[in-house]
Protein chains: 6
Amino acid sequence: MRAVSIETGVTKHAEGSCLVRVGDTHVLCTATIEDRVPPFIKGSGLGWVTAEYGMLPRSTTSRMRREASAGKQGGRTIEIQRLIGRSLRAGVDRVALGERQITIDCDVIQADGGTRCAAITGGWVALKLAVKKLMKAGDVVSDPLVSPVAAVSCGLYAGQPVLDLDYAEDSEAGVDGNFILRGDGQLIEVQMSAEGATFSRTQMDQLLTLAEKGVGELVALQEAAVA
Amino acid sequence: MRAVSIETGVTKHAEGSCLVRVGDTHVLCTATIEDRVPPFIKGSGLGWVTAEYGMLPRSTTSRMRREASAGKQGGRTIEIQRLIGRSLRAGVDRVALGERQITIDCDVIQADGGTRCAAITGGWVALKLAVKKLMKAGDVVSDPLVSPVAAVSCGLYAGQPVLDLDYAEDSEAGVDGNFILRGDGQLIEVQMSAEGATFSRTQMDQLLTLAEKGVGELVALQEAAVA
Amino acid sequence: MRAVSIETGVTKHAEGSCLVRVGDTHVLCTATIEDRVPPFIKGSGLGWVTAEYGMLPRSTTSRMRREASAGKQGGRTIEIQRLIGRSLRAGVDRVALGERQITIDCDVIQADGGTRCAAITGGWVALKLAVKKLMKAGDVVSDPLVSPVAAVSCGLYAGQPVLDLDYAEDSEAGVDGNFILRGDGQLIEVQMSAEGATFSRTQMDQLLTLAEKGVGELVALQEAAVA
Amino acid sequence: MRAVSIETGVTKHAEGSCLVRVGDTHVLCTATIEDRVPPFIKGSGLGWVTAEYGMLPRSTTSRMRREASAGKQGGRTIEIQRLIGRSLRAGVDRVALGERQITIDCDVIQADGGTRCAAITGGWVALKLAVKKLMKAGDVVSDPLVSPVAAVSCGLYAGQPVLDLDYAEDSEAGVDGNFILRGDGQLIEVQMSAEGATFSRTQMDQLLTLAEKGVGELVALQEAAVA
Amino acid sequence: MRAVSIETGVTKHAEGSCLVRVGDTHVLCTATIEDRVPPFIKGSGLGWVTAEYGMLPRSTTSRMRREASAGKQGGRTIEIQRLIGRSLRAGVDRVALGERQITIDCDVIQADGGTRCAAITGGWVALKLAVKKLMKAGDVVSDPLVSPVAAVSCGLYAGQPVLDLDYAEDSEAGVDGNFILRGDGQLIEVQMSAEGATFSRTQMDQLLTLAEKGVGELVALQEAAVA
Amino acid sequence: MRAVSIETGVTKHAEGSCLVRVGDTHVLCTATIEDRVPPFIKGSGLGWVTAEYGMLPRSTTSRMRREASAGKQGGRTIEIQRLIGRSLRAGVDRVALGERQITIDCDVIQADGGTRCAAITGGWVALKLAVKKLMKAGDVVSDPLVSPVAAVSCGLYAGQPVLDLDYAEDSEAGVDGNFILRGDGQLIEVQMSAEGATFSRTQMDQLLTLAEKGVGELVALQEAAVA
């Protein structure tokens, strides 16, 4: 796995924030607390955690078109931000959170593969910092964050199972995926996907074992960052 | 698994078509052959298979807003049609297909859970029929369809691993997913996802075993349909 | 006129549904009852009937772009769905219907000319079935459907007035149109239109006579279908 | 019929222009000649005439939302501009016009019913002036305008057939329509439409007779304007 | 400065209207009074003045694409209409206006440079006429229009400071700008902008002196028009 | 003026980049060189410099809606990015640059007033670094950057002319503006704007004097950063 660092408190306005670096992939994550919730849970007493994702136009090797200027978020962006929100919610006790919404914005400053995994790992840190602020203020009494949530990418590169692919490896991997786990080892999301290739059940198993190891290391870094 | 039937030749214009019924989920799949390919492979000699997905507004219990009228495809639609295209391509030898595009349209006439899996299973049948037409005309000489591709949903329902969830079961399952496999047992895509829940590695294993069994049955039905 | 059939009860969720076949033109019509009405009649006690229309991408000889993906409904679609709604309302006593909305979705499964007329004819059947359900439940006491509504296309083909043009005839007809009538012979809508041609008042008269005959036959089939 | 006037040469940039006043309905019509044609007739040697229609936000009693700001043209706008283009083309010999496009812009400065008919009547005048310029310059040798095209609205108001309804009459007419004719009496388009009402074949006949008379008067005014 | 005329009362529906002509630049300005205000001042007792701007497609030498058809207002349009609204508000006592909104629509009928300045000058006249109507009706008691607001363009043309550039001059001026002043000589907005050129502070001074003179003349014409 | 720092080389992919900090306003500026130019100068031999601007959703005190998700760039964004591009071009010899485009992306990481000025000041640094790379590679031989370009905001705060307003000051200033100058003291753009207030010519003069001083300091920092 590439070198990982998590720097917290990087913007003064957000209720929680961090800059997570996984190798040359740098993602800025901020958490915003709002007292409103989406219409479908209004009055339920339950909280909500959601996420948005974006890439700065020149976070990549060649410049991408700015989505705001294109007039819509692409399919990849939509998939990723739904994944981030869903994954983080799996670590949240929504009753304990109470009827409020926390929005995690994940903006990729520099990309070199694995941005969605970095966003989830950093997103949890921003979320945790925001929740700590709520608890310190007495707005929330019992900690709604059941367990840390972290993510790592894996793939078959030159036929071998590999953890945490960078962009160059990812481009050549016919099979790759993302594993999102909780700190207690429970699985939240498994996404293995092949483009012009397939994989066997044995390989699936090897990748899962790698992922469990990787997430373990990430969780230790998350806990150090929010301490 | 619910009763499955595949009726071919259901529209006169498409190069391949079928109506796949998985329980009360009915999806109309058509294949369109075009001589153009997307810009990024122009001149490469490679073919392309892509898919689009839609639900008729009243395919569901209560009427959904028509996406054409809303002015955009929702995030769920985009996720699903990308999945269908990616899955089918995993069964295609794009060199043998030659520089042409086959578009699979999957339109849900009636929905009762598992529409994306039904779309992949039926989509492969429409694709196969279109390819047979190309081969019969001599436009393609070596069969580009390496292996059948089929999909089945699984989930944890009341704590138990269950195959092929209908809408009622799916709504209550905290963990569910889709498994896409080739006829030879190779995995193409695994998507396990939890909303407000998690799953263990053992449960993941049980679900995979169920999925292998389910896909085996679907492949037999696909092969009978295209014979 | 081409062979016409109307098959009812084709989807399990809708309050009324039919598949109408006019030659090789097949349109699926569903009716959805909702307790809300558009803002401009809220509180008036009046009901509303509206329609939406769509074509499956491969309902046609060559594939059309999916309107949901294009990001908007084309001018032709908008014209047609406004026509369907307006025509059906001409057969409805909106006081008797009460403050509720019935939406008729008309989705073309296979197209071979005359899809808007088939949609109106089938749309009325779906509407009638939904209204019968309302009356059976006692939600509506006096039948709001004053008279059946049906539509037929006509045109000048090779200089001769012709009823119910298929796609091949329609493409070559310089003058064509649609006539929408009630079962009692009253006219609801007349749309005669020329592209690169004109027509005389005598020809207009001959077409009207043909249309009256055609609609008479359609009304008999509608009444048999809903009996 | 209300007082009609046609003032030509009202803007200095357009190849043809007029301000047509039908009672209190005032429409500015301009013609633009371009050397390009739509893709579907490129290389055919045929010309094209098309139209766009708009209403100034405060052309109406209460202010309408500006369509440019709403982000799309409404269904009514699209219907109307398609009608204007189709109607004008019925008076054009597209071979004689040669491979060029004339765009007629019809912008409603003040509205009081019958804007689409005024737009067609004025649009023909702008078109004629542009064509005269082409002929004077020798770019077109044989006059492509076969016959004048004019339009008039009719309806049943208080049960009686009425010609050229103003806004107040139109709002109360359950049945109304538009008749587009050539100067030689040939019909181009008949659109009779009922909202919450119907009409008999006898009434249809009376309306047509009225329309023939009205169009005759309009054509005389058009010819005087372009002389 | 080019010849300027202001003709009032040009449309029957608007609460205030004028056609302002600055040389060959003709802009139709209308004022609409509504009892609602934007959400951000609801309940504040303050009024609001806003503006929208548009160009007819053939107001220019070659036809521009209609913004309604393009699906959005261009950047230039948005900049201009924000400027018009902001400038007019600088002459308004929003407490005296009371909680109502006046919308100024500025539609360019014919363009020859300086359309935004003409729109502001004419917009103030339409606004004044609407306010007079409010005062006559007793809806507003103390005149909310503190001072007239007028605008003039200036630029460096062939190295010399020039007032009120027409389109030909404007196209060649490397530096140009707009000055918006009140009748009492106070500045509201200064926009000097260079494209591929720069200007000195001395030139800036000369332009301001010219602008003060020009606005003085415009204000006299405005006051004559609304008298 | 607040403390200003300019850190270069902050992203590995861009041809030039810097993070400019003006007090608590932090803007990331990147420069992208492309061999294509906009259609309107294709084949002219001239280069082009353009800019795009965005704010991260939580760069502000309360979260703003992400423009990519809203589906369009707001009017303020469009105004600002047009200003940045126009200002930078005033310092560029487009013949010397040659037929290529440099795009400056300015993304606000943290906002506290004056973001557009910081973007211009930092944008010039990113531009300069990219141009140096072009010159080093021999792609450009004569330096196309005529003079540094920098910007500073000014306003009347509590009646007094003030340089470089932060967000709190800016919110209360009835009059504020932006001055963009070259290193040689020539003016590029002056934008003074009042909302519910006005300003005298004397105050305008005082603000210009302040701006000249502020830009002088910024230019020194720019030159140190790119040395």
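Above this text sits the structure in question.
Bear in mind the structure is a predicted one, so any value in this text is a computation, not a measurement.

Okay, the interface of chain E and chain F next. In this complex, chain E contributes 29 residues to the contact, which on the side of chain F involves 29 residues. For the pair chain E and chain F, the number of links is eight salt bridges. In this structure, the salt-bridge partner of Arg201 of chain E is Glu212 of chain F, at a minimum N-O distance of 3.0 Å. For the interface between chain E and chain F, the tally reads 22 residue pairs in polar contact (both at pLDDT 80 or more). For the side of chain E that touches chain F, the secondary structure elements donating two or more residues are helix H2 (75-89), strand E9 (187-194) and helix H6 (201-226) of chain E. When residues of the side of chain E that touches chain F are assigned to their parent elements, the largest contribution, eight residues, is made by E9 of chain E. When the residues that make up the side of chain E that touches chain F are grouped by side-chain class, the tally is eleven nonpolar, seven polar and eleven charged.

With that out of the way, let us pick up the packing of helix H2 (residues 75-89) of chain F against helix H4 (residues 115-136) of chain F. Residues and elements named next belong to chain F. The contact between H2 and H4 brings their axes to 10 Å, and the two run at 40°. Between H2 and H4, the angle is such that the two are oblique. Considering only the axes of H2 and H4, their crossing is right-handed. Only Thr115, Arg116, Ala119, Ile120, Gly123, Trp124 and Leu127 of H4 make contact with H2, whose side of the interface consists of Arg76, Ile80, Leu83, Ile84, Ser87 and Leu88.

A word on the pairing of strand E8 (residues 175-182) of chain D. Residue and element names in this part refer to chain D. Within E8, seven of the eight residues are buried, leaving the element largely enclosed by the surrounding structure. For strand E6 (residues 149-157) and E8, the ladder comprises eight bridges, and the chain directions are antiparallel. When the sheet's bridge partners are listed, Leu156 is paired in E8 with Val175. Inspection of the sheet shows E8 paired to strand E9 (residues 187-194) by seven bridges, in the antiparallel sense. Within E9, the residue paired with Phe179 across the bridge is Val190. The loop that links E8 with its antiparallel partner E9 comprises four residues; one of these, Gly185, has a positive phi angle of about 90°.

Basis of the calculations
Residues numbered from 1 in each chain as written. Chains lettered and ligands numbered in written order. Predicted model: local features only at pLDDT ≥ 70, side-chain atom pairs only at ≥ 80, totals over all residues. Heavy atoms only, no water. Contact = heavy atoms within 4.5 Å. Salt bridge = Lys/Arg side-chain N within 4 Å of Asp/Glu carboxyl O. Polar contact = N/O pair within 3.5 Å; in protein donor to acceptor, adjacent residues only side chain to side chain. Helix = DSSP H or I, 4+ residues; strand = E, 2+ residues; numbered from the N terminus. Nonpolar A, V, L, I, M, F, W, Y, C, P; charged D, E, K, R; others polar. Axes fitted to C-alpha atoms, helices over the stretch in contact; angles between N-to-C directions. Parallel < 35°, antiparallel > 145°, perpendicular 65-115°, else oblique. Left-handed = near helix turned anticlockwise from the far one by under 90°. Buried < 20%, exposed > 50% of the residue type's maximum accessible area, 1.4 Å probe, protein only. Pairing = 2+ DSSP bridges.

Remember, this is a structural readout, not a statement about activity or role.
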